Amino acid sequence: MKRFTTTDAKQIDLVDYLESLGHYPDSRIRRNPEYWYLSPLPGRSENTPSFKVDRRKGLWYDHGIGKGGSIVDLCMLYHSCSIPEALTRLQDFLSFHRNPLQNLSHSGNVPLPDKEKKIQVLSTGPIVSSALIAYLGQRKIPLGIARGYCRKVQYELNNRKYYAIGFANDAGGYELRNTHFKGSAAPKNISFLNNSANEISVFEGFFDFLTYAAIQKTAVNNTNILVLNSLAFLEKSRMLIEQHASVYLYLDRDNAGLKCTAQLVKENSKYKDHSLLYEGYADLNEWLTRQNRSLQKQGQAKNEIDETIHRVQKRSLGLGR
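Residues numbered from 1 in each chain as written. Predicted model: local features only at pLDDT ≥ 70, side-chain atom pairs only at ≥ 80, totals over all residues. Heavy atoms only, no water.

1. Quick notes on the pairing of strand 12 (residues 199–203)
Looking along a regular strand, one sees side chains alternate from face to face of the sheet. In terms of residue burial, strand 12 counts as a mostly covered element, since four of its five residues are buried. Taken together, the five bridges between strand 12 and strand 14 (residues 246–250) define a ladder with parallel strand orientation. Note that in strand 14 the partner of phenylalanine 203 across the bridge is tyrosine 250. Where strand 12 and strand 13 (residues 224–227) come together, four bridges link them in parallel fashion. Each residue of the ladder has a partner; that of serine 201, found in strand 13, is isoleucine 225. (Buried < 20%, exposed > 50% of the residue type's maximum accessible area, 1.4 Å probe, protein only. Helix = DSSP H or I, 4+ residues; strand = E, 2+ residues; numbered from the N terminus. Pairing = 2+ DSSP bridges.)

This is the structure:
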(Lines give C-alpha, C1' and ligand atoms only; values in the text may rest on other atoms or scores of the structure.)
Protein backbone atom coordinates (compact mmCIF):
# COMPACT_ATOMS: atom_id res chain seq x y z
CA MET A 1 0.00 0.00 0.00
CA LYS A 2 1.30 3.46 -0.93
CA ARG A 3 2.55 5.42 2.05
CA PHE A 4 0.32 8.34 3.03
CA THR A 5 2.39 11.53 2.79
CA THR A 6 2.08 15.20 3.70
CA THR A 7 1.42 15.87 0.00
CA ASP A 8 -1.58 13.51 0.16
CA ALA A 9 -2.81 15.15 3.36
CA LYS A 10 -2.62 18.66 1.89
CA GLN A 11 -5.18 17.70 -0.75
CA ILE A 12 -7.85 17.44 1.96
CA ASP A 13 -10.24 20.38 1.96
CA LEU A 14 -9.67 22.42 5.15
CA VAL A 15 -13.32 23.53 5.32
CA ASP A 16 -14.51 19.92 5.12
CA TYR A 17 -11.99 18.85 7.74
CA LEU A 18 -12.98 21.60 10.17
CA GLU A 19 -16.64 20.71 9.61
CA SER A 20 -15.89 17.09 10.56
CA LEU A 21 -14.46 18.41 13.83
CA GLY A 22 -17.62 20.42 14.49
CA HIS A 23 -16.36 23.88 13.43
CA TYR A 24 -18.21 26.01 10.90
CA PRO A 25 -17.34 29.35 9.25
CA ASP A 26 -19.08 32.55 10.21
CA SER A 27 -21.72 33.08 7.50
CA ARG A 28 -21.54 36.85 8.01
CA ILE A 29 -17.91 37.03 6.86
CA ARG A 30 -17.27 35.58 3.44
CA ARG A 31 -14.66 36.70 0.94
CA ASN A 32 -14.16 33.87 -1.55
CA PRO A 33 -12.10 31.80 -1.16
CA GLU A 34 -11.62 32.93 2.46
CA TYR A 35 -13.62 31.52 5.38
CA TRP A 36 -13.49 32.92 8.90
CA TYR A 37 -13.99 30.97 12.14
CA LEU A 38 -13.91 31.37 15.86
CA SER A 39 -10.55 29.76 16.51
CA PRO A 40 -10.89 25.96 16.87
CA LEU A 41 -7.48 25.61 18.52
CA PRO A 42 -7.28 24.33 22.12
CA GLY A 43 -7.08 27.08 24.72
CA ARG A 44 -8.47 29.74 22.37
CA SER A 45 -11.70 31.47 23.34
CA GLU A 46 -13.06 34.42 21.39
CA ASN A 47 -16.24 36.17 20.32
CA THR A 48 -14.97 37.60 17.03
CA PRO A 49 -13.66 35.25 14.31
CA SER A 50 -9.90 35.58 13.86
CA PHE A 51 -9.13 32.22 12.29
CA LYS A 52 -8.92 32.45 8.49
CA VAL A 53 -8.95 29.61 5.96
CA ASP A 54 -7.94 30.17 2.37
CA ARG A 55 -9.80 27.24 0.85
CA ARG A 56 -8.18 27.53 -2.57
CA LYS A 57 -4.62 27.48 -1.22
CA GLY A 58 -5.35 24.98 1.54
CA LEU A 59 -3.86 27.26 4.19
CA TRP A 60 -5.05 28.70 7.52
CA TYR A 61 -3.92 31.52 9.78
CA ASP A 62 -4.93 32.27 13.39
CA HIS A 63 -4.51 36.00 13.90
CA GLY A 64 -4.97 35.60 17.65
CA ILE A 65 -1.74 33.65 18.08
CA GLY A 66 0.07 34.67 14.90
CA LYS A 67 0.41 31.12 13.59
CA GLY A 68 -0.72 29.35 10.45
CA GLY A 69 0.10 26.63 8.00
CA SER A 70 -1.30 23.61 6.21
CA ILE A 71 -3.85 21.03 7.31
CA VAL A 72 -0.99 18.97 8.76
CA ASP A 73 0.06 21.88 10.98
CA LEU A 74 -3.56 22.37 12.05
CA CYS A 75 -3.99 18.70 12.91
CA MET A 76 -0.77 18.73 14.96
CA LEU A 77 -1.89 21.78 16.97
CA TYR A 78 -5.50 20.67 17.33
CA HIS A 79 -4.61 17.19 18.62
CA SER A 80 -1.24 18.07 20.22
CA CYS A 81 0.45 15.34 18.20
CA SER A 82 3.50 14.63 16.04
CA ILE A 83 3.66 14.66 12.22
CA PRO A 84 3.33 10.84 11.93
CA GLU A 85 0.28 10.81 14.22
CA ALA A 86 -1.25 13.75 12.33
CA LEU A 87 -0.83 11.88 9.05
CA THR A 88 -2.49 8.82 10.58
CA ARG A 89 -5.44 10.93 11.76
CA LEU A 90 -5.81 12.58 8.36
CA GLN A 91 -5.63 9.24 6.59
CA ASP A 92 -8.37 8.00 8.96
CA PHE A 93 -10.40 11.06 7.99
CA LEU A 94 -10.27 9.91 4.37
CA SER A 95 -11.53 6.46 5.36
CA PHE A 96 -14.68 8.02 6.85
CA HIS A 97 -15.48 10.51 4.13
CA ARG A 98 -16.31 10.20 0.48
CA ASN A 99 -14.77 12.67 -1.98
CA PRO A 100 -13.04 14.82 0.64
CA LEU A 101 -10.21 15.92 -1.66
CA GLN A 102 -9.98 19.44 -2.99
CA ASN A 103 -11.00 20.18 -6.54
CA LEU A 104 -10.77 23.92 -6.35
CA SER A 105 -8.11 24.88 -8.87
CA HIS A 106 -10.74 26.03 -11.38
CA SER A 107 -12.81 28.21 -9.07
CA GLY A 108 -13.02 29.68 -5.62
CA ASN A 109 -16.81 29.86 -5.74
CA VAL A 110 -17.51 26.96 -3.36
CA PRO A 111 -20.85 26.63 -1.50
CA LEU A 112 -20.73 27.50 2.18
CA PRO A 113 -21.17 24.43 4.38
CA ASP A 114 -24.63 24.54 5.90
CA LYS A 115 -24.67 23.21 9.45
CA GLU A 116 -28.45 23.49 9.47
CA LYS A 117 -28.84 20.72 6.91
CA LYS A 118 -30.29 17.65 8.55
CA ILE A 119 -28.52 14.35 8.87
CA GLN A 120 -30.42 11.63 7.04
CA VAL A 121 -30.02 8.07 8.29
CA LEU A 122 -29.66 5.72 5.31
CA SER A 123 -29.21 2.35 7.01
CA THR A 124 -28.18 0.64 10.23
CA GLY A 125 -26.43 -2.64 10.90
CA PRO A 126 -24.05 -4.46 13.23
CA ILE A 127 -20.70 -2.86 14.02
CA VAL A 128 -18.25 -4.66 11.74
CA SER A 129 -16.21 -1.77 10.30
CA SER A 130 -12.54 -1.99 11.22
CA ALA A 131 -12.39 1.81 11.50
CA LEU A 132 -15.27 1.92 13.99
CA ILE A 133 -13.84 -1.01 15.94
CA ALA A 134 -10.52 0.83 16.15
CA TYR A 135 -12.37 3.92 17.38
CA LEU A 136 -14.04 1.88 20.12
CA GLY A 137 -10.60 0.62 21.08
CA GLN A 138 -9.39 4.20 21.44
CA ARG A 139 -12.30 4.87 23.79
CA LYS A 140 -11.58 1.54 25.61
CA ILE A 141 -15.05 0.14 24.95
CA PRO A 142 -15.12 -3.64 24.31
CA LEU A 143 -16.77 -4.54 21.03
CA GLY A 144 -19.24 -6.89 22.71
CA ILE A 145 -20.50 -4.09 24.96
CA ALA A 146 -20.85 -1.66 22.04
CA ARG A 147 -22.69 -4.21 19.90
CA GLY A 148 -25.13 -4.78 22.75
CA TYR A 149 -26.27 -1.17 22.78
CA CYS A 150 -25.18 0.46 19.49
CA ARG A 151 -25.37 0.06 15.72
CA LYS A 152 -23.31 1.09 12.75
CA VAL A 153 -25.28 3.92 11.17
CA GLN A 154 -24.71 5.09 7.62
CA TYR A 155 -25.97 8.62 7.12
CA GLU A 156 -25.91 11.47 4.65
CA LEU A 157 -24.92 15.05 5.41
CA ASN A 158 -24.38 17.82 2.86
CA ASN A 159 -24.80 15.28 0.03
CA ARG A 160 -22.01 13.07 1.36
CA LYS A 161 -22.26 9.65 2.94
CA TYR A 162 -20.58 8.75 6.23
CA TYR A 163 -20.83 6.08 8.89
CA ALA A 164 -20.57 6.18 12.67
CA ILE A 165 -21.34 4.43 15.94
CA GLY A 166 -25.05 5.06 16.50
CA PHE A 167 -26.86 5.04 19.85
CA ALA A 168 -30.64 5.13 19.52
CA ASN A 169 -32.87 7.42 21.55
CA ASP A 170 -36.50 7.01 22.59
CA ALA A 171 -37.84 9.08 19.68
CA GLY A 172 -36.13 7.08 16.93
CA GLY A 173 -33.13 9.36 16.45
CA TYR A 174 -29.46 8.53 16.94
CA GLU A 175 -26.43 9.97 18.64
CA LEU A 176 -23.57 9.56 16.16
CA ARG A 177 -19.85 9.32 16.89
CA ASN A 178 -16.73 8.45 14.97
CA THR A 179 -13.13 9.61 15.15
CA HIS A 180 -13.94 12.86 13.36
CA PHE A 181 -17.60 13.54 14.06
CA LYS A 182 -19.93 14.15 16.97
CA GLY A 183 -23.55 14.81 16.10
CA SER A 184 -27.17 13.67 16.19
CA ALA A 185 -29.73 12.38 13.73
CA ALA A 186 -33.10 13.97 14.54
CA PRO A 187 -35.26 13.76 16.47
CA LYS A 188 -33.02 14.28 19.49
CA ASN A 189 -34.24 12.80 22.76
CA ILE A 190 -33.26 10.83 25.85
CA SER A 191 -32.46 7.11 25.89
CA PHE A 192 -34.13 5.24 28.75
CA LEU A 193 -33.23 1.60 29.43
CA ASN A 194 -35.84 0.11 31.75
CA ASN A 195 -34.55 -2.84 33.78
CA SER A 196 -37.47 -2.70 36.23
CA ALA A 197 -35.17 -1.47 38.99
CA ASN A 198 -36.03 0.97 41.78
CA GLU A 199 -32.83 2.95 41.21
CA ILE A 200 -31.59 4.84 38.17
CA SER A 201 -28.15 5.84 36.91
CA VAL A 202 -28.08 9.06 34.87
CA PHE A 203 -25.39 9.72 32.26
CA GLU A 204 -24.91 12.82 30.14
CA GLY A 205 -23.54 10.99 27.08
CA PHE A 206 -23.75 7.43 25.80
CA PHE A 207 -20.00 6.79 25.84
CA ASP A 208 -20.07 7.34 29.60
CA PHE A 209 -22.81 4.74 29.85
CA LEU A 210 -20.81 2.34 27.66
CA THR A 211 -17.84 2.96 29.95
CA TYR A 212 -19.97 2.06 32.97
CA ALA A 213 -21.07 -1.14 31.21
CA ALA A 214 -17.47 -1.91 30.23
CA ILE A 215 -16.34 -1.60 33.84
CA GLN A 216 -19.13 -3.92 34.95
CA LYS A 217 -18.00 -6.33 32.18
CA THR A 218 -21.56 -7.51 31.70
CA ALA A 219 -25.00 -6.31 30.64
CA VAL A 220 -26.24 -3.63 33.01
CA ASN A 221 -29.45 -4.94 34.56
CA ASN A 222 -29.25 -3.98 38.24
CA THR A 223 -30.24 -0.35 37.62
CA ASN A 224 -32.36 1.56 35.18
CA ILE A 225 -30.32 3.69 32.80
CA LEU A 226 -31.02 7.20 31.57
CA VAL A 227 -28.71 8.70 28.95
CA LEU A 228 -29.68 12.35 28.56
CA ASN A 229 -27.85 12.84 25.22
CA SER A 230 -27.89 16.52 26.19
CA LEU A 231 -27.90 18.21 29.57
CA ALA A 232 -30.85 20.23 28.26
CA PHE A 233 -33.06 17.15 28.76
CA LEU A 234 -32.30 16.86 32.48
CA GLU A 235 -35.08 19.11 33.74
CA LYS A 236 -37.56 17.58 31.27
CA SER A 237 -36.71 14.14 32.66
CA ARG A 238 -37.21 14.97 36.34
CA MET A 239 -40.61 13.25 36.57
CA LEU A 240 -39.15 10.02 35.16
CA ILE A 241 -36.04 10.25 37.33
CA GLU A 242 -37.89 10.89 40.57
CA GLN A 243 -40.05 7.78 40.21
CA HIS A 244 -36.96 5.95 41.51
CA ALA A 245 -35.89 5.55 45.13
CA SER A 246 -32.23 6.31 44.39
CA VAL A 247 -30.64 8.39 41.65
CA TYR A 248 -26.94 8.07 40.80
CA LEU A 249 -25.58 11.00 38.81
CA TYR A 250 -22.67 10.52 36.38
CA LEU A 251 -22.75 13.93 34.71
CA ASP A 252 -19.75 15.64 33.14
CA ARG A 253 -17.44 17.49 35.49
CA ASP A 254 -17.58 20.75 33.54
CA ASN A 255 -19.20 23.88 34.95
CA ALA A 256 -22.69 23.00 33.71
CA GLY A 257 -22.56 19.38 34.88
CA LEU A 258 -21.14 20.22 38.29
CA LYS A 259 -23.71 22.97 38.80
CA CYS A 260 -26.63 20.67 37.95
CA THR A 261 -25.28 17.88 40.13
CA ALA A 262 -24.75 20.17 43.12
CA GLN A 263 -28.25 21.63 42.78
CA LEU A 264 -29.97 18.22 42.57
CA VAL A 265 -28.03 16.80 45.51
CA LYS A 266 -28.94 19.88 47.54
CA GLU A 267 -32.63 19.67 46.62
CA ASN A 268 -33.24 15.97 47.25
CA SER A 269 -31.34 13.35 49.26
CA LYS A 270 -32.21 10.60 46.76
CA TYR A 271 -29.68 12.13 44.33
CA LYS A 272 -26.10 10.88 44.75
CA ASP A 273 -23.08 12.45 43.07
CA HIS A 274 -21.08 9.60 41.55
CA SER A 275 -19.01 11.93 39.39
CA LEU A 276 -16.58 11.96 42.31
CA LEU A 277 -15.43 8.64 40.87
CA TYR A 278 -13.70 10.49 38.04
CA GLU A 279 -12.77 13.69 39.85
CA GLY A 280 -10.01 15.42 37.91
CA TYR A 281 -11.34 14.23 34.54
CA ALA A 282 -13.95 15.68 32.19
CA ASP A 283 -16.18 12.59 32.29
CA LEU A 284 -16.24 8.87 33.04
CA ASN A 285 -14.94 7.82 29.63
CA GLU A 286 -12.00 10.19 29.84
CA TRP A 287 -11.18 8.70 33.23
CA LEU A 288 -11.09 5.22 31.70
CA THR A 289 -9.14 6.16 28.57
CA ARG A 290 -6.50 7.93 30.66
CA GLN A 291 -5.89 4.87 32.82
CA ASN A 292 -2.59 3.13 32.06
CA ARG A 293 -4.16 -0.28 31.73
CA SER A 294 -5.26 -2.60 28.94
CA LEU A 295 -8.78 -3.89 28.39
CA GLN A 296 -7.70 -7.16 29.97
CA LYS A 297 -7.14 -5.33 33.25
CA GLN A 298 -10.61 -3.85 33.49
CA GLY A 299 -11.48 -6.31 36.24
CA GLN A 300 -9.04 -4.35 38.39
CA ALA A 301 -10.76 -1.14 37.26
CA LYS A 302 -14.12 -2.55 38.35
CA ASN A 303 -12.77 -3.34 41.82
CA GLU A 304 -11.38 0.18 42.10
CA ILE A 305 -14.63 1.82 41.01
CA ASP A 306 -16.63 -0.39 43.39
CA GLU A 307 -14.36 0.66 46.25
CA THR A 308 -14.66 4.31 45.25
CA ILE A 309 -18.46 4.06 45.08
CA HIS A 310 -18.40 2.69 48.63
CA ARG A 311 -16.27 5.62 49.80
CA VAL A 312 -18.51 8.14 48.01
CA GLN A 313 -21.61 6.64 49.65
CA LYS A 314 -19.99 6.81 53.09
CA ARG A 315 -19.07 10.44 52.53
CA SER A 316 -22.63 11.30 51.44
CA LEU A 317 -23.92 9.75 54.68
CA GLY A 318 -21.43 11.67 56.77
CA LEU A 319 -19.49 8.55 57.80
CA GLY A 320 -16.07 9.92 56.93
CA ARG A 321 -13.71 8.86 54.19
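2. Structural notes on the nonpolar core
Judged by nonpolar contacts, the single largest core of 30 residues is most densely connected at Ile165, Phe206, Phe209, Leu210 and Tyr250. Sorting the residues of this core by element identifies helix 5 (130–138), helix 6 (143–149), strand 8 (160–168), helix 7 (206–216), strand 13, strand 14 and helix 10 (284–290) as the ones contributing at least two each. Broken down by element, this core gets its largest block of residues, seven residues, from helix 7. Core analysis: the second largest hydrophobic core is formed by 23 residues, Val15, Tyr17, Tyr37 and Cys75 among them. (Core = buried A, V, L, I, M, F, W, Y, C linked by side-chain atoms within 4.5 Å.)

3. Digging into the pairing of strand 10 (residues 181–185)
Burial along strand 10 is one-sided: Phe181, Gly183 and Ala185 are buried, while Lys182 and Ser184, pointing the other way, are not. In this sheet, strand 10 lies alongside strand 9 (residues 174–178) in antiparallel orientation, the contact comprising five bridges. Each bridged residue has a counterpart across the sheet, and for tyrosine 174 the counterpart in strand 10 is alanine 185. Connecting strand 9 to the next strand, strand 10, in antiparallel fashion are two residues.

4. Examining the sheet that holds strand 12
One open sheet holds the five strands; their spatial order is 11-13-12-14-15, and the pairing between them is mixed. Two strands lie at the open edges of the sheet, namely strand 11 (191–193) and strand 15 (271–273), each paired on one side alone. Strand-to-strand twist in this sheet, taken as the mean axis angle between neighbours without regard to direction, amounts to 20 degrees. Set on the sheet, helix 7 makes contact with strand 11, strand 12, strand 13 and strand 14; between it and strand 12 the angle comes to about 130 degrees. (Axes fitted to C-alpha atoms, helices over the stretch in contact; angles between N-to-C directions. Contact = heavy atoms within 4.5 Å.)

5. Regarding helix 9 (residues 255–267)
Here helix 9 contains 13 residues, and its C-alpha end-to-end distance of 18 Å stays within 8% of the 18 Å for a straight helix at 1.5 Å per residue. Listing the buried residues of helix 9 in full gives Gly257, Thr261 and Leu264. Within helix 9, the buried residues cover an arc of 70 degrees as seen down the axis, which keeps them to one side. Opposite its buried face, helix 9 presents the exposed residues Asn255, Lys259 and Lys266, each directed more than 90 degrees away. Buried positions along helix 9 lie against helix 8 (238–241), strand 14 and strand 15. (Expected span 1.5 Å × (residues − 1). Arc of directions from axis to C-beta.)

6. A word on the environment of tyrosine 271
By the secondary structure assignment, tyrosine 271 is in strand 15. A relative accessible area of 2% means that tyrosine 271 is categorised as buried. In this structure, the C-alpha to C-alpha distance between tyrosine 271 and serine 201, residues 70 residues apart in sequence, is 9.8 Å. Side chain to side chain, tyrosine 271 and arginine 238 meet in a polar contact 3.2 Å long. Here the side chain of tyrosine 271 touches glutamate 242 through a polar contact of 2.8 Å, side chain to side chain. (Polar contact = N/O pair within 3.5 Å; in protein donor to acceptor, adjacent residues only side chain to side chain.)

On their own, these measurements won't tell you what the molecule is for.
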